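A look at the structure
This is what each chain is made of:
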Amino acid sequence: MIEMDDDRFLGLLSQRLGAYVRSRDDVEDKVVRLTSPEELARSFEEESGVALRLEERQEETSNETLLSAVDALLRYSVKTSHPLFLNQLYGRADVIGVGADWTSTALNTNTHTYEVAPAFTLMENALLSKIGRTIGWHGEDKNEVDGLFVPGGSLSNLYGMHVSRNVVDPEVATRGSHGGPRLVAFTSDQSHYSYLKSARLMGIGSDNLIAVESDAHGRMRPDALEESIERARRDGGMPFFVGSTAGTTVLGAYDPLDKISEVCARQGGLWHHVDACWGGGAMLSSRYRHVVRGIETTDSVAWNPHKMSGAPLQCSVFLTRRPGVLKNANATNAAYLFQPDKLHGELDSGDKTIQCGRKTDMLKLWMLWKKRGDDGMASFVDRCFDLATFTGDVMRENEDLGWKLAYEPSCANVCFWYVPARLREDARRFLQVEGQGEGEQETRFSRELHKVAPLVKSRMQREGDAMIGFQSVNGLPNFFRLVFPSGDAIGQSDVLEMLERMRRFGEEEYEKFHRTSS
Ligand SMILES: *Cc1c(COP(=O)(O)O)cnc(C)c1O
């Protein structure tokens, strides 16, 4: 057998990957072949001829075998490009975005200095300027925006909290957090857990991250925020940071950004960072821009184009309209890398980051935006929102079939229950009225309804059907959360057919459960 050389390996690999990326999965296909870890390890090895584990003494493997390993990997991975992968806030990657990522990898460039990443550096700056204009921070010519592409939205939120602390307490860099003011940050009780991680990591402490009450739709209450800030100050704390959310992870709720900025201004100019990781795309759309009303009044923004814009993971951006804060917080002036007397050294972005090396993630968004144009970027987001509205309408109109919205859809999230026929009578009593009591019957009903989503989910997993998450939050029984991160992957008829299957699974599984437990 002739050993496959690297050229041939790359040629065959790109053929396979190209076909995988271009294939528009039929809804009939399975989203995933679910197997136990043992079974997976066995099948992988049998089919590819290479074991997943690394041996005590690992021998070399031929290119041909590695190619078989890639085949097995494609077969046993979740098809996130499948129309029914609706589990997480990302989905099918755009072909152009994938091409951009491959290009980044092939160029293998580190984006810390202009010297090694000249074109990427200019692309990043061009995007920051464009996004800044989209947010509404500045006009065409001004360059009043700073930022970075960062490895994920969690990091982006960390950047927001970190640079704002450095603004109010610059000595923290030398003194450390001990012995300084007791800094207090505020976010809503629906916000992403990365705020909590940031507070822990920065030495703010979770006790000093106040979870501000949200309203019935999951939006931060500005009055509750103001009260919390005043209370913290009375207790000897020093409020410094408000982290709002534009599109919460579970409910898709948009905090009232304009009102929150007003509170921040009234309370002595607190830093207002908005986590727009999931719902930030609305700023691109003339139809949905109103949901991020006031985003132009914030100090910094986190946005994940790898969610709801079709950029492959990871593509995340942190922006601020306070140039200099990144450098002030992070610069260490490493003499071996950021020589001040080097040509174009002022364009080096590396010292603004908390990293050293940084991937060229900006290329994905740059190529997508150039390809689609502003209108295409907007209509991508519109389709995601429209699908959620459509699904919400279907559920509202079909309550007699067992559908019940847990929340009115906002963003591209739909939160709902399937109520099996056996529970429907009770549902009419307990799921309709707001602020119901905690009667014994109601508790029993909630306990039963709580079991339905896991039953349906596990049936769907076994069948390789749509991937959809469920959760129990805000004291409610488990409800499904359907998200549409990729509006061009799925159509209305796919949604209807999927709901019909969920309905059938709901009836069958709950009946089975009922028989065996009674
Ligand atoms: C996904 C998400 C994040 C975290 O983004 P990662 O890129 O996964 O770290 C933060 N906030 C919100 C609202 C999100 O939905």
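Whatever comes next refers back to the structure up there.
In short, a report on the structure. Residue numbers restart at each chain and count upward from 1, following the sequence in its written direction. This being a predicted model, a pLDDT of at least 70 is required before a residue's local features are given, and a value of 80 or more before pairs of side-chain atoms are given or counted; all residues contribute to the totals for chains, interfaces and linings. The basis for every side-chain value is the complete set of non-hydrogen atoms in the structure, without hydrogens or water.

**What about the environment of Val98?**
Labels follow the DSSP assignment, with helices taken as runs of H or I lasting at least four residues and strands as runs of E lasting at least two, numbered in each case from the N terminus. Residue placement: Val98 occurs in helix 4 (residues 95–107). Put simply, Val98 and Gly310 are 212 residues apart on the chain and 9.4 Å apart in space, counted from C-alpha to C-alpha. Throughout, a contact is declared for two residues whenever any of their heavy atoms are within 4.5 Å. When near neighbours in sequence (up to four residues on either side) are disregarded, Val98 contacts Val21, Ala93 and Pro312.

**Quick word on the pairing of strand 5 (residues 238–245)**
Think of it in three bands: with a 1.4 Å probe and only protein chains considered, a residue is buried below 20% of the maximum accessible area for its type, exposed above 50%, and partly exposed in between. Most of strand 5 is tucked away, with seven of its eight residues classed as buried. One ladder, built from five bridges, connects strand 3 (residues 183–188) with strand 5; its direction is parallel. Bridging from a neighbouring strand, Leu183 pairs with Met238 of strand 5. Judged from the five bridges that link them, strand 5 and strand 6 (residues 271–275) form a sheet pairing that is parallel. Across the sheet, Val242 pairs through a bridge with His272, a residue of strand 6. Assessed by its sense of winding, the connection that carries the chain from strand 5 through helix 10 (residues 257–266) to strand 6 is right-handed. When DSSP finds two or more bridges between a pair of strands, those strands are recorded as paired. Viewed with both strands pointing away, a crossover whose connecting path from the first strand over the helix to the second turns clockwise is right-handed.

**Examining the side chain of Ser188**
Of note, Ser188 is situated in strand 3. Assessed through its relative accessible area of 2%, Ser188 is described here as buried. For this analysis, a polar contact is any N or O atom pair within 3.5 Å, provided that within protein one partner can donate a hydrogen and the other can accept it, and provided that sequence-adjacent residues contribute only side-chain to side-chain pairs. Within polar-contact distance, the side chain of Ser188 engages the backbone nitrogen of Gln190 at 3.0 Å. Those residues in contact with Ser188 that lie beyond four places of it in its chain are Ala211, Val212, Met220, Gly243 and Asp255.

**Points about unusual backbone geometry**
Here Leu313 and Gln314 are connected by a cis peptide whose omega angle stands at -10°. Counting through the fold element by element, Gln314 comes out in the loop between strand 7 (300–303) and strand 8 (316–320). The backbone of Asn474 sits at a positive phi, close to 55°, despite the residue not being glycine. With respect to the element layout, Asn474 can be found in the loop between strand 11 (467–471) and strand 12 (479–483). The class of Asn474 is partly exposed, set by a relative accessible area of 41%.

**A closer look at the pattern of salt bridges**
We define a salt bridge as a contact between a side-chain nitrogen of Lys or Arg and a carboxyl oxygen of Asp or Glu at a distance within 4 Å. All told, the structure shown has 39 salt bridges when counted by the stated rule. For Asp386, the salt bridge goes to Arg287, with nearest N and O atoms at 2.7 Å. Here Arg287 lies in the loop between strand 6 and strand 7 and Asp386 lies in helix 12 (residues 362–397), a separation of 99 residues in the sequence. Judged by its relative accessible area of 29%, Asp386 falls in the partly exposed class. Its relative accessible area of 43% is what places Arg287 among the partly exposed residues.

**Brief notes about the packing of helix 1 (residues 6–22) against helix 3 (residues 63–76)**
Two elements in contact, helix 1 and helix 3, have axes whose closest approach is 10 Å; the angle formed by their N-to-C orientations is 10°. Comparing the axis directions of helix 1 and helix 3 gives the class roughly parallel. On the side of helix 1, the interface is formed by Asp6, Phe9, Leu12, Leu13, Arg16, Leu17 and Tyr20, while helix 3 contributes Asn63, Leu66, Leu67, Val70, Asp71 and Leu74. Residues that form the contact of helix 1 with helix 3 fall into these classes: nine nonpolar, one polar and three charged. Axis angles are defined between N-to-C directions and span 0 to 180 degrees, where every axis is a line fitted to C-alpha atoms and, for a helix, only to the segment in contact. Every angle not falling under 35 degrees, over 145, or within 65 to 115 is termed oblique; those three ranges are roughly parallel, roughly antiparallel and roughly perpendicular. Each residue receives one of three labels: charged for Asp, Glu, Lys and Arg, nonpolar for Ala, Val, Leu, Ile, Met, Phe, Trp, Tyr, Cys and Pro, and polar for the others, Gly being one of them.

**Comments concerning the sheet that holds strand 10 (residues 413–418)**
Pairing is mixed in the open sheet, where five strands are placed in the order 1-11-12-10-9. Each edge of the open sheet is held by one strand with a lone partner, namely strand 1 (85–86) and strand 9 (403–405). Pairing analysis gives three bridges linking strand 9 to strand 10, with the strands arranged antiparallel. When the sheet's bridge partners are listed, Lys404 is paired in strand 10 with Trp417. Docked against the sheet, helix 14 (residues 440–463) engages strand 10, strand 11 and strand 12, running at close to 160° with respect to strand 11. Strand contacts of helix 15 (residues 492–517): strand 1, strand 9, strand 10, strand 11 and strand 12, with the helix running at about 30° to strand 10, the strand carrying the most contacts.

That's the geometry; what it means functionally is another story.
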